Amino acid sequence: MGSTLYRDRTKTSETDQEMWDSPLNTYLREHQMGRAGTICTLPDMIRHVETIGALWWQHTHPTQATLGAIQFINRGIVGPSLTPLIDTAELFTTVAVEGLRSWHTLLATDSSRRAAYGDDHADLLLPAFTFGEYLFEEEGLHCVFIDGTRRTVPAGTVVAMLTIDRIPTYSSPQEFGLPSYSDTRTRIATTDYFRQADAIQEGWKKAADDATHQERPTAG
C-alpha cells in the first residue's frame, strides 16, 4: 500500500530518507495507514490520536500549525460539532482523547448491542479519523478559543485539524439486527446521533475545564 509522506515543517530542510524515518511517517507506515488517519475501532483510535496528535502540528501544510481544532461529523439532522480553537498541541491531543473516551463510554451502554455481541460490543464499531489542516487565508476576527476568550487570528495561520466521522448509524432498538441493515456488528447502534454528539462534546468540555483549572494560580 502506498503511503503519503509528511514533511516536518520545523526543519529548514529534510531529505527523503529523513522524511521516511521521521516518527510520524514511521508510525503511519507501521500501522498500515496510507495517510494520517484510518478506519479503526475506538480503542485503536484513542491510541493513535494519543501517539500522533501532537506530532501532526509539525507536519501541516503549507507551514507548521500554531492552533488546533477538532470536528465530529454527525449524521441525519445533527450538524457537525466543532471545538473552539486550541492553543497547544498537548491540549489538542488531550481534548481529542477525552472526547473519544466519553463517546466510547456512551456507546458501551447500548443494551441492544450488548445483548447481540457481548460486553465488548463498543470495541467492534469502526468509525474513522483523519488529520488535516485549515488555513486562515484572511484575518479571523473574534475567533472563539477553548478558554472562552475571543481573539484575532492573523492571516496565514494554519490550524491542525482532527476530523472524526463514519460514526455508527442509528437504528431503533426494535429494528436492530433486521436484514435491512448491513454491517450491524461494526456500523449500527441504537444510540441516537444527538446523544453521540453530546457525549463527545462533554469530553471536550471536561478536558478544557480541567486545563483551565490547572492554569489558574492558587492563593498564597
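A brief structural summary. (Residues numbered from 1 in each chain as written. Predicted model: local features only at pLDDT ≥ 70, side-chain atom pairs only at ≥ 80, totals over all residues. Heavy atoms only, no water.)

## Regarding the overall build of the protein chain
- Helix and strand counts for the protein chain come out as 7 helices and 9 strands.
- When the backbone C-alpha atoms are referred to their principal axes, the protein chain occupies close to 55 × 50 × 40 Å.
- Residue pairs at least 24 apart in sequence account for 68% of intrachain contacts in the protein chain once pairs closer than 6 positions are excluded.
- For the protein chain, the computed accessible surface area is about 11500 Å², with 51% contributed by carbon and sulfur atoms.
- The centroid of the 19 positive side-chain charges in the protein chain is displaced by 3 Å from the centroid of its 29 negative side-chain charges. (Helix = DSSP H or I, 4+ residues; strand = E, 2+ residues; numbered from the N terminus. Contact = heavy atoms within 4.5 Å. Areas by Shrake-Rupley, 256 points an atom, 1.4 Å probe, with all protein chains shown as cover. Lys, Arg positive; Asp, Glu negative; His and termini not counted. Charge placed at Lys NZ, Arg CZ, Asp CG, Glu CD.)

## Things to note about the packing of aromatic side chains
- Inspection of the entire model under this criterion finds 9 aromatic pairs.
- Judged by centre distance (5.3 Å) and plane angle (85°), the ring pair of Tyr 134 and Phe 136 falls under edge-to-face.
- A residue is classified by how much of its surface remains accessible, and Tyr 134, at 46% relative accessible area, is partly exposed.
- With a centroid separation of 6.4 Å and an interplanar angle of 65°, the aromatic rings of Tyr 170 and Tyr 193 are classed as edge-to-face. With Tyr 170 in strand β8 (residues 169–170) and Tyr 193 in helix α7 (residues 193–215), this residue pair connects regions lying 23 residues apart in the sequence.
- These aromatic residues form a ring-pair network of at least three members: Tyr 6, Trp 56, Trp 57, Phe 92, Phe 129 and Phe 131.
- Directly above the aromatic system of Trp 20 lies the positively charged group of Arg 29, at a separation of 3.8 Å from the ring centroid. (Phe/Tyr/Trp six-rings, centres within 6.5 Å; stacked < 30°, edge-to-face > 60°. Buried < 20%, exposed > 50% of the residue type's maximum accessible area, 1.4 Å probe, protein only. Lys NZ or Arg CZ within 6 Å of the ring centre and 35° of its normal.)

## Looking at the pattern of salt bridges
- The final tally for this structure, using the stated rule, is 8 salt bridges.
- One salt bridge in this structure joins Arg 47 and Asp 44, with 2.3 Å as the shortest N-O distance. Remark: Asp 44 and Arg 47 occur in helix α3 (residues 42–56); sequence separation between them is 3 residues, near one turn of the helix.
- Owing to a relative accessible area of 27%, Asp 44 belongs among the partly exposed residues under this scheme.
- Of the charged contacts, one joins Lys 206 and Asp 210 as a salt bridge, the two residues approaching to 3.0 Å between their closest N and O atoms. Of the two residues, Lys 206 and Asp 210 are both situated in helix α7; the distance of 4 residues between them amounts to about one turn of the helix.
- On the accessibility criterion, Lys 206 (44% relative accessible area) is partly exposed.
- Residue Asp 210 is classed as partly exposed on the basis of its relative accessible area of 32%.
- Through salt bridges that share partners, Glu 50, Glu 98 and Arg 101 make up one connected network. (Salt bridge = Lys/Arg side-chain N within 4 Å of Asp/Glu carboxyl O.)

## As for unusual backbone geometry
- In this structure, Pro 62 follows His 61 across a cis peptide bond, with omega equal to 5°.
- Position of Pro 62 among the secondary structure elements: in the loop between α3 and β2 (67–72).
- One non-glycine residue, His 142, lies in the positive phi region at around 55°.
- As for its placement among the helices and strands, His 142 is situated in strand β5 (residues 140–144).
- For Arg 166, which is not glycine, the phi dihedral falls at a positive 55°.

## A look at the pairing of strand β4 (residues 128–135)
- Pairing between strand β1 (residues 37–39) and β4: 3 bridges, direction antiparallel. Its bridge partner lying in β4, Gly 37 is registered against Thr 130.
- Judged from the 8 bridges that link them, β4 and strand β7 (residues 158–165) form a sheet pairing that is antiparallel. The residue bridging Ala 128 from the neighbouring strand is Asp 165, located in β7. (Pairing = 2+ DSSP bridges.)

## Some points on the environment of Tyr 170
- For Tyr 170, a relative accessible area of 32% gives the class partly exposed.
- Residues Tyr 170 and Ala 189, 19 residues apart in the sequence, show an inter-C-alpha distance of 5.3 Å.

## So, the nonpolar core
- Ranked by internal contacts, the top residues of the largest apolar core, which has 46 residues, are Val 49, Ile 70, Leu 100, Trp 103, Phe 131, Leu 162 and Ile 164.
- If one sorts the elements of this core by residue count, helix α4 (residues 89–107) sits on top with 9 residues.
- Excluding anything up to four places from it in sequence, Val 49 contacts Thr 93, Ala 96, Val 97, Leu 100, Phe 129, Phe 131 and Leu 162.
- Leu 67, Ala 69, Val 153 and Met 161 belong to the second largest nonpolar core, which has 9 residues in total. (Core = buried A, V, L, I, M, F, W, Y, C linked by side-chain atoms within 4.5 Å.)

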